[in-house]
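Understanding the architecture of this molecule
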Amino acid sequence: KQFLDIWDVDVLKRPQDINKQAHHTHLYSSDFLIVRRAQEFQIKITFDRPYKPAEDKFAVEFVIGPSPQYSKGTYIPVFPTEERQSVWRGRIVETSDNVITMGITTSPECIVGKYMIYVSVVTPYGIRRTRREPKSDIYILFNPWSPADPVFLDDEEEREECIMNELGIIYHGTYDDVSERAWNYGQFEFGVLDACLFIMDKADMPLSNRGDVIKVTRVASAMLNSRDDDGVLVGNWSGDYTYGVPPTSWTGSVEILLDYAGSRGTPVCYAQCWVYAAVFNTFLRCLGIPGRVVTNFFSAHDNDGNLKMDIILDENGKLDRNRTKDSIWNYHCWNECFMARSDLPPGFGGWQVVDATPQETSDGMFRCGPASVAAVKHGQICYPFDAPFVFAEVNSDVIFYRRQKDGTLEAVKVNQTHVGRMVLTKAVLHDGRRDITDHYKFPEGSPEERRVLEKAEEFGCQREKASVPQGDVEVEIPNLDVRVGDNFDVTLQFKNNSDQRRSADVYITGTVVYYTGVPSAEVLFKTPKVKLDPLQSKDEKVLVRGEDYMHKLVEQANIHFIATGKIKETGQIITAMKVISMHNPKLIVKVTGSPRVSEEMYVSVEFTNPFKFSLENVDLRMEGPGIMPFKRKQYSIIAPGTSITWIETFSPRRAGSTKLIASLDCAALRQVYGETELTIQQ
């Protein structure tokens, strides 16, 4: 027997081994080897005798999918000698007795997924191959650390945040009163990587496309919503969540992804935009694509494909709810992922918008992106994919029309700064926020901004051309800080800029709205008459009582106030809009015990019901990446003024700083959160 025999193949897969450390995959809870493409990893092969390079011929073979083919990139042999190389490079790193250490460098465009590994030896009688050994399967991911990979991100801190950080902050509320909530992306938790690969299987995505980051992100933006392909999450904006988990109740992505993969693809109920964005972010970071969640405040969701959000008033200047169809979301969350765009001209790589919230179809499916942020900023909206939709989300004008008696519409006021007021994402490596509005648009009113809008019009975006004369009376509604259930005054600030008297009949409506701008119930309608002396400024206060709105509030406790009116002397229409976001009570999360790996610790969640009514069927959830798996508890009733305390034990699995995140949810009160930070010692 002259030929080599293989005794053992060791893929060096322990977290402390060279591979996982060098490839930044040591945090994955997985017993398999996980490496990134375009970077060398090592395996050790033990033969029955020392290896002789001159005579012995062997290859390490990588196989993915059911019918491997060399031409499709699903069967790849790797050879140890310089003379003979394939698309992946191999070299002998060291030899000692019967053991050789081989270095293997995958190609920067190789398929991302789970490969089987075999070692084959040429013998006089044919090729002899090792048996299938599931324990030595290898996951290969995208590599933002390698300049050769299209997802390369040349900034270590940014990579630390957008790939390695399992904790996120998602912004919501309104632009002048931003609320935030913590989220556990959990991209390294057990089973999450398999769930992300399962999503591509469920989409019947050809294996040969799975090395292309543009195709992977586009497929994922369709697969994370359940519309038209039984994807991961079912959207629900109705307020009735009887058959699933309310979107406001989730605290992380892990449970959602494991549910979906565990049921072999039954969509999970329910999601709204930030849940789609957060789970998509887990998918991106898990596969090695730099990703972040972005919130756009006052996001236009335009139903008729132009850059106009139309608000219709009757001839006296009173809001006509039935004819006003376009909706402005108080905020909308989407994702940005980082990649080179070889399919676009130079300069349009970098951050790309992808959005899994099912708003509009793109090529026949509910998906959006990847759209280049640079292309959106410069009005180059002809470039794929879906740039016109993203452009409208941040650039639409709000136009008030007066409907004459004969049904014709006349533009009476144009507000160009309301939509896309602010775009936020979490700061790098700390809990502050980063304002990235200037990535999406030039400063309002600047000459560059005008040029961009003209450019967008060349590509078919319509804008309102009517020039509306400046009126001489202004009205504004200032922001308020209101706790849920309180009485409060809405102030209308009038200012007469003319040197004559002015009088107006003003209509002010207060409507409870979903965060998507969809009205639910009217809680205020007043018609004050206002008289202004020349150059006078005057405040008109309107009382809003807790009992009038409390039982009508939905979800995120927003009341949208619109004041409109007509100046008697000039016929000028005056308008003001304000969304007041109510502040909910908070959960108090406390931790006791010694913060060390594997030591038992206690966490308590406390809540007091501050209202005059009982909270029923209350759902509490809690989790923390690396320290505590998802837990939940239900209370059938929390009476007015009473407190609850929920205590759980946990043992941290790994060292480092992390958070425990808790949420409380019931039909009468949504979006109640609490969190605490802790640092675990080794």
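Residues numbered from 1 in each chain as written. Predicted model: local features only at pLDDT ≥ 70, side-chain atom pairs only at ≥ 80, totals over all residues. Heavy atoms only, no water.

Cross-referencing UniProt, the feature "active site" (unreviewed entry) maps to C273, H332 and D355 in the present numbering. These annotated residues cover 83 residues of sequence, and their C-alpha atoms lie no more than 10.0 Å from one another, placing them together at a single site. Locating C273 in the fold gives a position in helix α6 (residues 273-287). C273 gets classed as buried once you look at its relative accessible area, which sits at 0%. Residue placement: H332 occurs in strand β17 (residues 327-339). Judged by its relative accessible area of 1%, H332 is buried. Those residues in contact with H332, other than ones at most four positions away along the chain, are C273, V294, T295, N296, S299, D355, T357, Q359 and E393. (UniProt positions renumbered as here; feature names shortened; annotations may be inferred. Helix = DSSP H or I, 4+ residues; strand = E, 2+ residues; numbered from the N terminus. Buried < 20%, exposed > 50% of the residue type's maximum accessible area, 1.4 Å probe, protein only. Contact = heavy atoms within 4.5 Å.)

Taking burial as the measure, the seven residues of strand β7 (residues 99-105) include five buried ones, the bulk of the element. Where strand β3 (residues 40-47) meets β7, seven bridges bridge the pair, whose relative direction is antiparallel. Pairing of K44 across the sheet is with T101, part of β7. When strand β6 (residues 89-96) meets β7, the two strands line up antiparallel, connected through seven bridges. For R89, the partnering residue across the bridge sits in β7 and is T105. Joining the antiparallel neighbours β6 and β7 is a turn of two residues, in which D97 adopts a positive phi near 55°. (Pairing = 2+ DSSP bridges.)

Further remarks concern the pairing of strand β33 (residues 573-581). Here β33 lies mainly inside the structure; nine of its nine residues are buried. Of the two faces of β33, the one lined by I573, T575, M577, V579 and S581 and the one lined by I574, A576, K578 and I580 are each fully buried. Pairing between strand β32 (residues 558-567) and β33: nine bridges, direction antiparallel. When the sheet's bridge partners are listed, K566 is paired in β33 with I573. Hairpin connection, β32 to β33: the antiparallel pair is bridged by five residues, and G571 has positive phi, about 80°.

Here the focus is the UniProt feature "binding site: Ca(2+)" (unreviewed entry) in the chain. Under the UniProt annotation, the feature "binding site: Ca(2+)" (unreviewed entry) is placed at N395, D397, E444 and E449. The greatest C-alpha distance among the annotated residues, which extend across 55 residues, is 13.2 Å, indicating that they converge on a single site. On the basis of relative accessibility, which here comes to 3%, the residue D397 falls in the buried class. Apart from residues lying up to four places away in sequence, D397 is in contact with L307, K308, M309, V414, N415, Q416 and R463.

Quick look at the sheet that holds strand β37 (residues 628-638) now. The strands making up a sheet associate through backbone hydrogen bonding, with each pair oriented either parallel or antiparallel. Strand order in this open sheet of four strands is β37-β36-β39-β40, and the pairing throughout is antiparallel. Each having just a single partner strand, β37 and β40 (669-680) make up the two edges of the open sheet. Averaged over all neighbouring strand pairs, the angle between strand axes comes to 15°, with direction disregarded. Sheet topology places strand β39 (residues 656-666) next to β40; 10 bridges connect them, and they run antiparallel. Each residue of the ladder has a partner; that of T658, found in β40, is L678. (Axes fitted to C-alpha atoms, helices over the stretch in contact; angles between N-to-C directions.)

Packed helices, taken two at a time, are described by the angle between their axes plus the distance between the axes. Relative to each other, helix α4 (residues 213-223) and α6 sit at 155°, their axes nearing to 11 Å. Judged by the angle between their axes, α4 and α6 are roughly antiparallel. Considering the relative orientation of α4 and α6, their crossing is right-handed. In contact with V216, T217, A220 and S221 of α4, α6 contributes F280, F283, L284 and L287. Residue composition of the contact of α4 with α6, by class: six nonpolar, two polar and no charged. (Parallel < 35°, antiparallel > 145°, perpendicular 65-115°, else oblique. Left-handed = near helix turned anticlockwise from the far one by under 90°. Nonpolar A, V, L, I, M, F, W, Y, C, P; charged D, E, K, R; others polar.)

To continue, consider the nonpolar core. Counting 68 residues, the largest nonpolar core has L193, L233, W274, V275, F283 and L287 as the members making the most contacts within it. When residues of this core are assigned to their parent elements, the largest contribution, 12 residues, is made by α6. Every residue in contact with L287, bar those within four places of it in the chain, is listed here: V112, L141, F142, L193, C196, L197, M200 and V216. Grouped together as the second largest cluster of nonpolar side chains are 60 residues, V523, V554, M582 and L660 included. (Core = buried A, V, L, I, M, F, W, Y, C linked by side-chain atoms within 4.5 Å.)

Read from one edge of the open sheet, three strands run β34-β35-β38, paired in antiparallel fashion. A strand with exactly one partner marks an edge of an open sheet, and here the two such strands are β34 (588-592) and β38 (643-650). Across the sheet, the mean angle from the axis of one strand to that of its neighbour is 20°, orientation sign disregarded. Relative to strand β35 (residues 601-608), β34 runs antiparallel, the two sharing five bridges. Across the sheet, residue V589 finds its bridge partner in β35, namely V605.

We now examine the pattern of salt bridges. On inspection of all chains with the given rule, the structure shows 43 salt bridges. Of the charged contacts, one joins K215 and D212 as a salt bridge, the two residues approaching to 4.0 Å between their closest N and O atoms. Put simply, E458 and K455 hold a salt bridge, and the shortest N to O gap is 3.8 Å. Of the two residues, E458 and K455 are both situated in helix α10 (residues 447-458); the distance of three residues between them amounts to about one turn of the helix. With relative accessibility at 58%, the residue E458 sits in the exposed group. Overall, the relative accessible area of 26% leaves K455 in the partly exposed class. (Salt bridge = Lys/Arg side-chain N within 4 Å of Asp/Glu carboxyl O.)

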